[in-house]
Amino acid sequence: MLTFVGLGLYDERSVTVAGRDAIRDADRVFAEFYTSRLIGTGLETLADALETSIELRDRAGIEQDPEPILEAAEREHVVFCTAGDTMVSTTHTDLRLRAEDRGIQTRIVHGTTAQTAAGSLTGLQNYRFGKATTLPFEDAHGGDGVPDSVVATIEANQDRDLHTLVYLDIKVDDPHWDDSDDTYMTARQAAAMLSEPFPDTLAVVVARAGSPEPLVVADTLDELATQTFGDPLHLLVIPGSLHPLEADALESLAGAALE
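Just so it is clear, the structure is predicted and the values come from calculations on it, not from any experiment. (Residues numbered from 1 in each chain as written. Predicted model: local features only at pLDDT ≥ 70, side-chain atom pairs only at ≥ 80, totals over all residues. Heavy atoms only, no water.)

Feature annotation in UniProt places "binding site: S-adenosyl-L-methionine" (unreviewed entry) on Leu9, Asp85, Val88, Thr113, Ala114, Leu168, Ala209 and His234, given in this structure's numbering. Set against the largest pocket, the annotated residues named above that line it are Leu9, Asp85, Val88, Thr113, Ala114, Leu168, Ala209 and His234. Accessibility expressed as a relative area gives 16% for Thr113, which makes it buried. Here Thr113 is in contact with Leu9, Asp85 and Val88, once residues within four sequence places are set aside. (UniProt positions renumbered as here; feature names shortened; annotations may be inferred. 1 Å grid on protein atoms, 1.4 Å probe; cavity = no way out; pocket = protein on both sides within 12 Å on 5 of 7 lines; lining within 4 Å. Buried < 20%, exposed > 50% of the residue type's maximum accessible area, 1.4 Å probe, protein only. Contact = heavy atoms within 4.5 Å.)

The structure is reproduced here in structure tokens:
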């Protein structure tokens, strides 16, 4: 058995009861934190809270050498943990399909996602979100400014009058990234980049979703590019037109100055 467990958004308390029970019942527990991570806790604290030992795998250990996980799951009950919801990354879908191909039974214990949290915290209606996109660091995609694919996604959503969730780049354990330290794009950096193709455009910053004190701020991209929003993780939302209830929510919850 290979069980995929989403740990939620922030710290060792974010996991569901079902996820906690699956982890405690497992013979071995693996985890990766390069696609996202729990900013509010560390590996040791997480393991202590879940009453288990956790074997951390790096990017290569999941994408290039998943054999230790698969071989263990052929003999034992294995749990694979990630931040957020475990199947948001295609890397994890690939691991699940590899397990199924080998006759290993799989199941999923879901966790809270950044996408649902962004809708909840901003008051923007979940069904009005279009295709999401990820804004990479310039050094990561080898070009200048915002990639055409990101601009195209936002414009397509605007044409359909939909909101766009913009994930901000995370560089953790990335062999193509020169910086040896973990690096998280800030909403300020993202707003500065996006303000060029989308001047005078309303956007909403969501910082530290899932924490006891998340931050939500709405303003134009130009103004957001002059502000700081504290510790990671950050997200940006570029809304479509606002339903009156959504407008009220952004004014009340995010300090938006709407005409």
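The next thing to look at is the sheet that holds strand 6 (residues 133-135). If you trace the five strands from one edge of the open sheet to the other, you get 6-7-12-10-11, paired in mixed fashion. Only two strands of the sheet have a single partner each, and these edge strands are strand 6 and strand 11 (215-220). Direction aside, neighbouring strands of the sheet carry axes that sit 25 degrees apart on average. Across four bridges, the pairing between strand 10 (residues 202-207) and strand 12 (residues 234-238) is antiparallel. Residue pairing across strands places Val204 opposite Val237, the latter belonging to strand 12. The strands touched by helix 8 (residues 148-159) within the sheet are strand 6, strand 7 (164-168) and strand 12, with strand 6 carrying the most contacts at an inclination of about 140 degrees. (Pairing = 2+ DSSP bridges. Helix = DSSP H or I, 4+ residues; strand = E, 2+ residues; numbered from the N terminus. Axes fitted to C-alpha atoms, helices over the stretch in contact; angles between N-to-C directions.)

What follows covers the pattern of salt bridges. The final tally for this structure, using the stated rule, is twelve salt bridges. Among the ionic pairs, Asp65 bridges to Arg57, the shortest N-O distance being 4.0 Å. According to the relative accessible area criterion, Asp65 is partly exposed, its value standing at 37%. Between Glu63 and Arg59 there is a salt bridge; the shortest N-O distance is 3.5 Å. Taken together, the residues Glu63 and Arg59, both in helix 3 (residues 59-63) and four residues apart, mark about one turn of the helix. Through salt bridges that share partners, Glu67, Glu74 and Arg102 make up one connected network. (Salt bridge = Lys/Arg side-chain N within 4 Å of Asp/Glu carboxyl O.)

Right, let's talk about helix 6 (residues 114-122) for a bit. Along helix 6, the residues classified as buried are Ala117, Ala118, Gly119 and Thr122. Here the buried face of helix 6 lies against strand 7, strand 10, strand 11, strand 12 and helix 11 (244-254). Backbone geometry just downstream of helix 6 places Gly123 in the positive-phi region, at approximately 85 degrees.

Once that is clear, we can look at the pairing of strand 4 (residues 78-82). Counting buried positions along strand 4 gives five out of five residues, so the element sits mostly inside the fold. Burial along strand 4 is two-sided: Val78, Phe80 and Thr82 facing one way and Val79 and Cys81 facing the other are all buried. Bridge count between strand 1 (residues 2-6) and strand 4: five bridges; the pairing is parallel. Bridging across to strand 4, Val5 finds its partner in Cys81. Strand direction decides the pairing type here: strand 2 (residues 28-31) and strand 4, joined by four bridges, are parallel.

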